[in-house]
Amino acid sequence: MASLPSTQKGVVINKTGGTDVLEYKTDLPVPAPAAGQVLVKNDYLGINYIDTYFRTGLYKPAQFPYVLGREAEGTIVKAGGGELYGLKEGDRVVWLGEAAYAEYTAVPADKVYKIPDGIPPKVAAAALLQGLTALSLVREAYHVEKGDWVLVHAAAGGTGLLLVQLLKAIGANTIGTASTPEKVELARRAGATHVINYSVEDVKAKVLELTGGAGVAAVLDGVGKATFDLSLESVARKGTLVSFGNASGAVPPFAIARLSARNTRLLRPTLFNYIATRAEFEAYAADLFGFAARGELDFRIHDTYPLSEIARAHADLEGRRTAGKLLLDPTK
Ligand SMILES: NC(=O)c1ccc[n+]([C@@H]2O[C@H](COP(=O)([O-])OP(=O)(O)OC[C@H]3O[C@@H](n4cnc5c(N)ncnc54)[C@H](OP(=O)(O)O)[C@@H]3O)[C@@H](O)[C@H]2O)c1
């Protein structure tokens with residue numbers, strides 16, 4: 001293995017706020033992997049909505065300076081010793097962790113997965129966090145059965161397009177929502193039974209019409225504040241509302257007595273509690289990359305941004321101008 005540089009490109013924040021707090025650096029130290037870690041030279045970094053929560057302060061960064069980013073695809077260039085789950089230098093991997101917005105990241109090995117042969121770097125980079133999220137939502141948050149009616153908000157988003165495809169594969173009837181005609185068309189092509197433009201249409205009326213007045217068995221809601229009431233009103237008797245994100249803001253506290261109107265189950269899951277153990281992570285990742293290897297999931301990449309243009313990427317994501325996955329190239 002060639003010798004490693006001592007400095008690298010990366011993006012840090014020293015305070016929370018708007019996109020102006022994102023600082024692109026060319027002289028960050030390259031970390032050394034501790035025991036139980038591997039050092040990965042990242043090819044492509046995945047952007048996720050959660051990155052904006054840490055930037056704005058909705059979720060609190062552990063310290064400053066803080067390197068954003070939760071996932072990447074690359075090659076292991078140094079192994080730290082200790083339990084590495086069979087991972088070794090030269091392995092092409094995807095990983096979940098922290099400090100992804102950089103050329104090199106030292107990552108705990110328990111959330112590193114060796115990519116099966118034949119899966120291109122960008123596909124692997126686009127797949128992991130949103131793919132595992134989508135799988136865990138349809139399997140564990142609400143175990144979707146063939147024939148279920150399911151409402152998916154932001155159906156043309158990174159997570160949304162994967163949810164729609166998985167629901168189609170299960171044989172569920174998916175009602176998607178999206179904000180523009182172009183996004184409506186993308187979600188429809190991904191396999192939704194019907195897609196509602198929630199900028200202009202009456203979502204509840206359409207959901208009741210499509211489901212014969214019953215409502216849906218489950219709502220998968222990553223939009224949060226703006227759609228919570230609508231989601232609650234769209235669930236069938238004994239249905240499930242899975243609120244899994246805050247793209248429009250955090251859902252404010254609410255009176256649980258409202259759940260009794262239709263005996264609704266309410267869940268607020270995070271991916272990391274479904275893949276907490278190495279066995280859980282490996283099983284989900286193997287499943288996900290099985291879909292990818294068989295070509296059964298299309299990982300739509302909205303764009304690959306230079307890392308130096310991180311502010312533009314965040315602005316596009318928060319400005320609802322993207323459909324599918326946003327990637328970063330850390331070399332540019
Ligand atoms: N719980 C977990 O473990 C977990 C894991 C992954 C993701 N998530 C959550 O899943 C959601 C989607 O994440 P993602 O990374 O896949 O992002 P994304 O869906 O690609 O982007 C967010 C989308 O949300 C919609 N949206 C609606 N209101 C919005 C608003 N006021 N501001 C911005 N966007 C708005 C937009 O679609 P339209 O233009 O069509 O409305 C936008 O494209 C996020 O809430 C994220 O936090 C949660």
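Residue positions within a chain follow its written sequence, with the count starting from 1. Local features in this predicted model are restricted to residues of pLDDT 70 or higher, and side-chain atom pairs are both shown and tallied only at a pLDDT of 80 or more, whereas totals for entire chains, interfaces and linings draw on every residue.

### Things to note about the environment of Ser3
And step 1. Counting through the fold element by element, Ser3 comes out in the segment before strand 1 (7-13).
And step 2. Exposed residues have 12 or fewer other C-beta atoms within 10 Å of their own C-beta, buried residues have 20 or more, and partly exposed residues fall in between, where C-beta atoms are placed from the backbone. Its 6 C-beta neighbours within 10 Å are what place Ser3 among the exposed residues. Note on conventions: DSSP H or I runs of at least 4 residues are helices, E runs of at least 2 residues are strands, and numbering of each starts at the N terminus.

### Structural notes on the domain arrangement of the protein
And step 1. As annotated, the domain borders come from an automatic or database domain assignment. Domain annotation for the protein reports domain 1 (7-128 + 274-329) and domain 2 (145-268).
And step 2. If you average the C-alpha positions of domain 1 and of domain 2, the two centres end up 28 Å apart.
And step 3. Facing the eleven residues of domain 1 at the interface are 13 residues of domain 2.
And step 4. For the side of domain 1 that touches domain 2, the class distribution of residues is five nonpolar, one polar and five charged. The contact criterion used here is simple: two residues whose C-beta atoms, placed from the backbone, lie within 7 Å are in contact. Classification convention: Asp, Glu, Lys, Arg as charged; Ala, Val, Leu, Ile, Met, Phe, Trp, Tyr, Cys, Pro as nonpolar; all other residues, Gly among them, as polar.

### Brief notes about unusual backbone geometry
A negative phi angle is the norm for most residues apart from glycine, just as the trans form is the norm for most peptide bonds.
And step 1. Residue Pro65 is reached from Phe64 by a cis peptide bond, and omega for that bond is -10°.
And step 2. Relative to the assigned elements, Pro65 resides in the loop between helix 1 (49-56) and strand 4 (66-67).
And step 3. The phi torsion at Lys238 lies on the positive side, around 65°, for a residue other than glycine.
And step 4. Exposure remark for Lys238: the 10 C-beta atoms within 10 Å place this residue in the exposed category.

### With respect to the site of the ligand
And step 1. In the vicinity of the ligand, 29 residues are found, and the nearest of them are Gly157, Gly158, Ser179, Gly222 and Gly245.
And step 2. Here the shell around the ligand takes three residues from helix 3 (residues 158-170), the largest share from any one element.
And step 3. Residues belonging to the shell around the ligand are distributed by class as follows: twelve nonpolar, 14 polar and three charged. We call a residue near a molecule or strand when its C-beta atom, built from the backbone, sits within 6 Å of it.

### A short note on the sheet that holds strand 9 (residues 149-152)
And step 1. Should DSSP find at least two bridges between two strands, the strands are taken to pair. Strands sit in the order 11-10-9-12-13-14 across an open sheet of six strands; the sheet is parallel. Since the sheet does not close on itself, it has two edges, and those belong to strand 11 (194-197) and strand 14 (265-267), each with one partner. Within this sheet the neighbouring strands show an average axis-to-axis angle of 15°, counted without direction.
And step 2. Relative to strand 13 (residues 235-243), strand 12 (residues 216-221) is paired through five bridges, and the arrangement is parallel. By the bridge assignment for strand 13, Leu220 is matched with Val242.
And step 3. Geometry is summarised by axes, namely lines fitted to C-alpha atoms with helices restricted to the contacting stretch, and by angles between N-to-C directions that run from 0 to 180 degrees. Strand contacts of helix 4 (residues 181-190): strand 10 (173-178) and strand 11, with the helix running at about 165° to strand 11, the strand carrying the most contacts.

### Describing helix 2 (residues 121-141)
And step 1. A helix is expected to reach a length of 1.5 Å times the quantity of its residues less one. Over its 21 residues, helix 2 runs 29 Å from end to end, which matches the ideal 30 Å to within 8%, given 1.5 Å per residue.
And step 2. Two axes enter the definition of the bend at a residue: one is fitted to the seven residues ending there, the other to the seven starting there, and the bend is the angle between them. Bending of helix 2 peaks at approximately 45° at the position of Leu128.
And step 3. Most of helix 2 is tucked away, with 17 of its 21 residues classed as buried.

### Some words on the pairing of strand 10
And step 1. By the criterion of burial, strand 10 is predominantly enclosed, with five of the six residues buried.
And step 2. Pairing of strand 10 with strand 11, which is carried by four bridges, proceeds in the parallel orientation. By the bridge assignment for strand 11, Ile175 is matched with His194.

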